[in-house]
There are 2 protein chains.
Amino acid sequence: MPVNAVGREVPSEINGVRFKPFAGDMKTPPEGRRAGSLIRMTPRGRNKVVKSLKEVIKNVGLEDGMTVSFHHHLRNGDFVVNMVMKTIEKMGFKNIRLAPTALFPIHEPLVPMLKNGTIRRIEGSMNGPLGKATSEGYMKETAILRSHSGRVRAIESGEIHVDVAFIAAPTADAYGNLNGVDGPSACGPLAYAMVDAYHADHTVAITDNLVPYPAHPISIFQHQIDYVVPVDKIGDPAGIMSGTLRITTSPTRLKIARYAVKVIEKVALKPGFSFQAGAGGVSLAVTKFLGDIMRKRGIKASFINGGVTKYVVDMLHEGLVDVVFDGQAFDLDAVRSLKEDPNHIETPLAMYGNPYSSGGVVNMLDVGVLGATEVDIDFNVNVNTHSDGYLLHGIGGHQEVAAGAALTIITVPLYRYRVPVIRERVTTVTTPGEVVDVIVTERGIAVNPKRDDILEALKGTDIPVWDIEDLMKKAYSICGRPEEPKTTDEIIAAILWRDGTLIDVVYKVKNH
Amino acid sequence: MPVNAVGREVPSEINGVRFKPFAGDMKTPPEGRRAGSLIRMTPRGRNKVVKSLKEVIKNVGLEDGMTVSFHHHLRNGDFVVNMVMKTIEKMGFKNIRLAPTALFPIHEPLVPMLKNGTIRRIEGSMNGPLGKATSEGYMKETAILRSHSGRVRAIESGEIHVDVAFIAAPTADAYGNLNGVDGPSACGPLAYAMVDAYHADHTVAITDNLVPYPAHPISIFQHQIDYVVPVDKIGDPAGIMSGTLRITTSPTRLKIARYAVKVIEKVALKPGFSFQAGAGGVSLAVTKFLGDIMRKRGIKASFINGGVTKYVVDMLHEGLVDVVFDGQAFDLDAVRSLKEDPNHIETPLAMYGNPYSSGGVVNMLDVGVLGATEVDIDFNVNVNTHSDGYLLHGIGGHQEVAAGAALTIITVPLYRYRVPVIRERVTTVTTPGEVVDVIVTERGIAVNPKRDDILEALKGTDIPVWDIEDLMKKAYSICGRPEEPKTTDEIIAAILWRDGTLIDVVYKVKNH
């Protein structure tokens, strides 16, 4: 197998499809044109409302082997993937390619469908049980994981041809105008589904809040939606608005957050700067502490890119930032703000960080703060697998934020449950060291050697700066040298870089 | 030549391209897939701002024979088409295919470019001088006219492949986020340009209001824009906000408006109804009188589709209508409302009335009120040529509104300047009688015989109802039988139905 630019052996073909090895960010130029979507004619008076999932699945002409897609704005509160896939299973379809943006623990009922042949493979993020089942070898073909924008690229290029997109819609009218900011299952933006709405051969909205025409605001427009299926409930609000939405109270993690903010302050903080941090406990703390410093120093940001939380929304409404770009809302404050504040802008995922476009939001980011399951001494980052080899997380926007941001900070504890996080070699490479600048731990930070400018800017601060190998040694001295994951040589998943090249593969675990 | 469904002889090939004859609305199903747009890779840090039009034209690699496009939101105040085309001419390019949404009298400087070979043909609406020059035979190839949504369909299908889209942007940031609601040349929506932004191989924004990143609101997003060129002025506000923006004071036209409103009241007025009327003097009067009746009777509309004027905006803000769909703003009240009111929604032209989509706004219209240069006894409507054969107007949204609205009303005087408007045969068929329901004149109305329901609803009103032939006879009795236009047998322009079939052709005028 060829060795790619991060030193990983990767096959040249997966599921019968050729993939190029990862060659470095922005090193593989695109070829040709986007895939053309199917042209449909819709005469006046055609009723788009269909009473049942079974009926709509008949209408769209689903066949064995076809590809169906879903978005994950309802996250761990989503009922739609399960209800559609159960209907598909019951109708007897086999070998379906499932192309969701992401799956969550709530989608565990799909595991038997891997085993009984309803689903032949999943191309999308798998958080939890489906990743575990895949790691244990229950998926017939090889899973393909892509970043948020990598998935947009793949659909646009035809690498994923979606036959039917099922779009959970917290609000819809009978002619297919959709939004996510109203209704009992409000989730905020519908940004993940926009590429599916444009490119899928057939588009089905599923809603529990059918409103009079025209539904508004409109996130996805009627001319892209073929059918509307009203159901009792598309989701559980408690699960939709999940995520760690409290600032960490762990002294270790607060220390990490304070170091990260200090780095930002010294290296990147200036009027009009921009940043992105996620919804994890450390990220929320970084957002809050950064806000405190901005307030104190009278510095206003131009934009925050999100994943959006209350902490971000508060900064917007306080006037600490001009614009919030929102691809995903994590709490009800974010949903409300998206609905009410014109400076809170829903961003199509095509705009977020697709390298094969005329330029994403991430290209304008000054600072990106990201997490990891593991980091290695080449600054490679793993967010997909745990150190035991299990595939338990998606890529999210990790790759594009790291590649885009002028200052990419990875916040990690030195170790977790006595397993080193900083290691010689990550179990899986999600994001290559070439786009990672600073690793921040509770013991201090390590700076990518190619970023002398950062080392220079940090001179005279009280942040302990270490060689990355020293951080590794500290971790190993506490936890011992980590064991290799016990895996077979069977590839169960491919990790694609955002440009569609193969950055790594994941192997089946042994003796589970 | 084959004869099409409205009895017109049309060629099967124009400019070396095959066209099907018009077969009736919704009678020609689409084939295949949309054209795929060119995939570009944009690394972080690439500067999109280019100092001159000459430089940007070099950058995009313009060649002889290529196609360039423009939108017409700046209407008769637009400076951009002329400045770009003059640069192209000066750089020595030849045989350019010009694919604007529409051209106006201000674009008369392009006439010499027809004659000197810079432009080989125009595919787009020509209001005034360029249409006149085309009628007189100065265009090398045959002009192609499409409706607003027909143009979207053509670009999507690849019938028009745009090499370079030049997009006038009243506001832009350096990374290509654009809007039309701010800046000295504010024009409202940028809806016409959205299909170009997605499909063109290269996209250039031209702005006189470069603002800090991120410009917002965003009508066209950065990931679709390759270059931004700042210039002194993109337009003249006086010309941008042109159009007949006063209600007619002519007693004849007021009478027409009152009859039209009476028809609407009897046939279509009900809570939640919807309508579209334009910006002409009669249309404004219809909008105003209809508002008066709605207010009096306590009836609220669900939406108005526009072309938006102050009269429409006032109804929105008074609560007489829930939503305004806006593809084009005609005055500053409309621009301001689009900026400030979330119920005033910018609609991509793909959503407006593209028959080859999953369903446009026009499919939901209860009432459409439209004008005409001529109407004939088969209810066919001409909006393109005058009775002397000159091609002086574009199609606009006439076809899709007529085809979509449940009640399509054409408001016309019986005659103009002693030339009958109601005639045996229109000079050019723009819109076929099959989608036209009522002709309203100052002498009374004629109802399409297939609409018995309308005749029934109008019983007992004081509106004079005539056979269409009687209206023609009245016109002929006053003006005399109209002369045939003096034309040669050379085809200078093709009029396409919104589905891309040939509904009619326009001939070169004689002895000009």
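Quantities reported herein were computed from a predicted structural model and do not represent experimental measurements.

Regarding the overall build of chain A
Stage number 1. Helices and strands together make up the secondary structure of chain A, namely 15 helices and 30 strands.
Stage number 2. Across its three principal directions, the C-alpha atoms of chain A cover 70 × 55 × 40 Å.
Stage number 3. Looking at chain A as a whole, 66% of its 512 residues are labelled buried.
Stage number 4. Relative to all contacts within chain A whose residues are 6 or more apart in sequence, the contacts with residues 24 or more apart total 72%.
Stage number 5. Mean positive and mean negative side-chain charge positions of chain A (57 and 58 charges, respectively) differ by 2 Å.

Quick word on the pairing of strand E4 (residues 96-100) of chain A
Where a strand is regular, its side chains alternate between the two sheet faces.
All names here are of chain A.
Stage number 1. By the criterion of burial, E4 is predominantly enclosed, with five of the five residues buried.
Stage number 2. The pairing of strand E3 (residues 67-70) with E4 spans four bridges and is classified as parallel. The partner of Ser69 across the bridge, within E4, is Ala99.
Stage number 3. A crossover connection joins E3 to the parallel E4 through helix H2 (residues 80-90); in handedness this β-α-β unit is right-handed.
Stage number 4. Here E4 runs beside strand E6 (residues 119-122); their pairing, made up of three bridges, is parallel. Within the sheet, the bridge partner assigned to Arg97 lies in E6 and is Arg121.

Description of the relation of the copies chain A and chain B
Stage number 1. Of the transformation superimposing chain A on chain B, the axial component is 0.0 Å and the angular component is 180 degrees, with the fit at an RMSD of 0.0 Å. Expressed as a symmetry operation, the mapping of one chain copy onto the other fits a two-fold axis. Rotation axis and chain A: the residue whose C-alpha lies nearest the axis is A:Gly36, separated from it by 2.3 Å.
Stage number 2. Both copies present the same face, since 100% of the interface residues in chain A are matched by interface residues at the equivalent positions in chain B.

Quick look at the sheet that holds strand E17 (residues 321-329) of chain B
Residues and elements named next belong to chain B.
Stage number 1. Across the sheet, nine strands lie side by side as E18-E17-E16-E15-E19-E22-E26-E27-E28; this open sheet has mixed pairing. This sheet does not close on itself; its edge strands, each paired only once, are strand E18 (344-346) and strand E28 (465-466).
Stage number 2. Of the pairings in the sheet, the one linking strand E15 (residues 274-277) to strand E16 (residues 301-308) comprises two bridges and is parallel in character. Paired with Phe275 across the strands is Ile304, a residue of E16.
Stage number 3. Each of strand E19 (367-370), strand E22 (407-411), strand E26 (438-441) and strand E27 (444-447) touches helix H8 (residues 251-267); the most contacted strand, E22, lies at about 170 degrees to it.
Stage number 4. Against the sheet, helix H9 (residues 281-297) touches E15, E16, E19 and E22, its axis set at about 150 degrees to E15.

Regarding the side chain of A:Arg423
All names here are of chain A.
Stage number 1. Inspection of the secondary structure puts Arg423 in strand E25 (residues 422-423).
Stage number 2. A polar atom in the side chain of Arg423 sits 3.3 Å from the backbone oxygen of Pro420.
Stage number 3. Ignoring any residue separated from it by four or fewer positions in sequence, one finds Arg423 in contact with Glu374, Val375, Asp376, Ile377, Ser387, Met472, Tyr476, Pro482 and Glu483.

What about the domain arrangement of chain A?
Much of the literature gives interface size as the accessible area that the parts lose upon coming together.
Residues and elements named next belong to chain A.
Stage number 1. Looking at chain A, the domain boundaries give domain 1 (13-23 + 46-240) and domain 2 (251-481).
Stage number 2. Facing the 34 residues of domain 1 at the interface are 31 residues of domain 2.
Stage number 3. Between domain 1 and domain 2, the buried area comes to about 2,600 Å², and carbon and sulfur atoms account for 60% of it.
Stage number 4. The interface formed by domain 1 and domain 2 holds one salt bridge in total.
Stage number 5. Residue Asp182 is joined to Lys339 by a salt bridge in which the shortest nitrogen-to-oxygen separation is 2.5 Å.
Stage number 6. Where domain 1 touches domain 2, the interface holds 18 residue pairs in polar contact (both at pLDDT 80 or more).
Stage number 7. Broken down by secondary-structure element, the contributors of at least two residues to the side of domain 1 that touches domain 2 are strand E7 (125-126), helix H4 (129-135) and helix H5 (148-157).
Stage number 8. The element best represented in the side of domain 1 that touches domain 2 is H5, accounting for six residues.
Stage number 9. Taken together, the residues that form the side of domain 1 that touches domain 2 break down as 12 nonpolar, 15 polar and seven charged.

Re the sheet that holds strand E21 (residues 381-382) of chain B
Residues and elements named next belong to chain B.
Stage number 1. Within the open sheet, the three strands sit side by side as E21-E20-E25. Their pairing is mixed. Each edge of the open sheet is held by one strand with a lone partner, namely E21 and strand E25 (422-423).
Stage number 2. By the bridge criterion, two bridges tie strand E20 (residues 374-376) to E25 in an arrangement that is parallel. For Val375, the partnering residue across the bridge sits in E25 and is Ile422.

Describing the packing of aromatic side chains
Stage number 1. Inspection of every chain in the model, using the stated rule, returns 15 aromatic pairs over all chains.
Stage number 2. Ring centres of A:Phe22 and A:Trp497 lie 5.5 Å apart, and the angle between their planes is 65 degrees; this geometry places the pair in the edge-to-face category. Of this pair, A:Phe22 sits in the loop between strand E2 (17-18) and helix H1 (53-59) while A:Trp497 sits in the loop between strand E29 (487-496) and strand E30 (502-509), and the two are 475 residues apart along the sequence. In this structure, A:Phe22 and A:Trp497 share a single accessibility class: buried.
Stage number 3. Judged by centre distance (5.6 Å) and plane angle (20 degrees), the rings of A:Phe70 and A:Phe166 are stacked. Placement of the pair is A:Phe70 in strand E3 and A:Phe166 in strand E9 (residues 164-169), with a sequence separation of 96 residues. Just as A:Phe70 is buried, A:Phe166 falls in that class too.
Stage number 4. Among the aromatic residues, ring-to-ring pairing joins A:Tyr175, A:Tyr213, B:Phe303 and B:Phe325 into one connected group.
Stage number 5. The ring centre of A:Tyr227 lies 5.2 Å from the NZ or CZ of A:Arg46, which sits over that ring.

A word on the environment of A:Val263
Residue and element names in this part refer to chain A.
Stage number 1. Take Val263: it is sitting in helix H8 (residues 251-267).
Stage number 2. For the pair formed by Val263 and Leu290, sequence separation is 27 residues and the distance between their alpha carbons is 11 Å.
Stage number 3. Excluding its chain neighbours within four sequence positions, the residues that come into contact with Val263 are Ala268, Leu407, Ile409, Val438, Ile445, Leu458 and Ile463.

With respect to the interface of chain A and chain B
Stage number 1. With 60 residues of chain A in contact, the opposing surface of chain B contributes 60 residues.
Stage number 2. Regarding the contact of chain A and chain B, the summed buried area is about 5,200 Å², with carbon and sulfur atoms giving 59% of it.
Stage number 3. The largest contributions to the chain A side of the interface with chain B come from A:Ile39, A:Arg44 and A:Ser358, which together make up 15% of the buried area.
Stage number 4. Joining chain A to chain B, the criterion identifies 42 residue pairs in polar contact (both at pLDDT 80 or more).
Stage number 5. Residue assignment for the side of chain A that touches chain B shows that the elements contributing at least two residues are helix H6 (194-199), strand E16 (301-308), strand E17 (321-329), strand E18 (344-346) and helix H12 (349-353) of chain A.
Stage number 6. The dominant element in the side of chain A that touches chain B, judged by the number of residues it contributes, is E17(A), at three residues.
Stage number 7. Among the residues making up the side of chain A that touches chain B, the classes are represented as 30 nonpolar, 20 polar and 10 charged.

Overview of a positive patch on the surface
Stage number 1. Side chains of A:Lys54, A:Lys58, A:Lys86 and A:Lys90 sit close together on the surface and give a patch of like positive charge.
Stage number 2. Topologically, A:Lys86 is positioned in helix H2.

Comments concerning the confidence of the model for chain A
Stage number 1. On average, residues of chain A score 96 in pLDDT, and 99% of them reach the 70 mark or higher.
Stage number 2. Quick note on the complex model: pTM equals 0.97, ipTM equals 0.97.

Brief notes about unusual backbone geometry
Residues and elements named next belong to chain A.
Stage number 1. In this structure, the amide linkage connecting Tyr213 to the following residue, Pro214, adopts the cis form with an omega of -10 degrees.
Stage number 2. Within the secondary structure layout, Pro214 lies in the loop between strand E13 (210-211) and strand E14 (227-230).
Stage number 3. Of the consecutive residues His216 and Pro217, the connecting peptide bond is found in the cis state with omega at 0 degrees.
Stage number 4. Among the secondary structure elements, Pro217 is positioned in the loop between E13 and E14.

Criteria and cut-off values
- Residues numbered from 1 in each chain as written.
- Chains lettered and ligands numbered in written order.
- Predicted model: local features only at pLDDT ≥ 70, side-chain atom pairs only at ≥ 80, totals over all residues.
- Heavy atoms only, no water.
- Helix = DSSP H or I, 4+ residues; strand = E, 2+ residues; numbered from the N terminus.
- Buried < 20%, exposed > 50% of the residue type's maximum accessible area, 1.4 Å probe, protein only.
- Contact = heavy atoms within 4.5 Å.
- Lys, Arg positive; Asp, Glu negative; His and termini not counted.
- Charge placed at Lys NZ, Arg CZ, Asp CG, Glu CD.
- Pairing = 2+ DSSP bridges.
- Right-handed = clockwise from strand over helix to strand, strands pointing away.
- Least-squares fit on C-alpha atoms with pLDDT ≥ 70 in both.
- Axes fitted to C-alpha atoms, helices over the stretch in contact; angles between N-to-C directions.
- Polar contact = N/O pair within 3.5 Å; in protein donor to acceptor, adjacent residues only side chain to side chain.
- Domains from an automatic or database assignment.
- Buried area = accessible area lost by both parts, 1.4 Å probe.
- Salt bridge = Lys/Arg side-chain N within 4 Å of Asp/Glu carboxyl O.
- Nonpolar A, V, L, I, M, F, W, Y, C, P; charged D, E, K, R; others polar.
- Phe/Tyr/Trp six-rings, centres within 6.5 Å; stacked < 30°, edge-to-face > 60°.
- Lys NZ or Arg CZ within 6 Å of the ring centre and 35° of its normal.
- Patch = residues over 30% accessible without salt bridge, like charges linked within 9 Å, V, L, I, M, F, W, Y side chains within 5 Å.
- Areas by Shrake-Rupley, 256 points an atom, 1.4 Å probe, with all protein chains shown as cover.
- pLDDT = per-residue confidence, 0-100.

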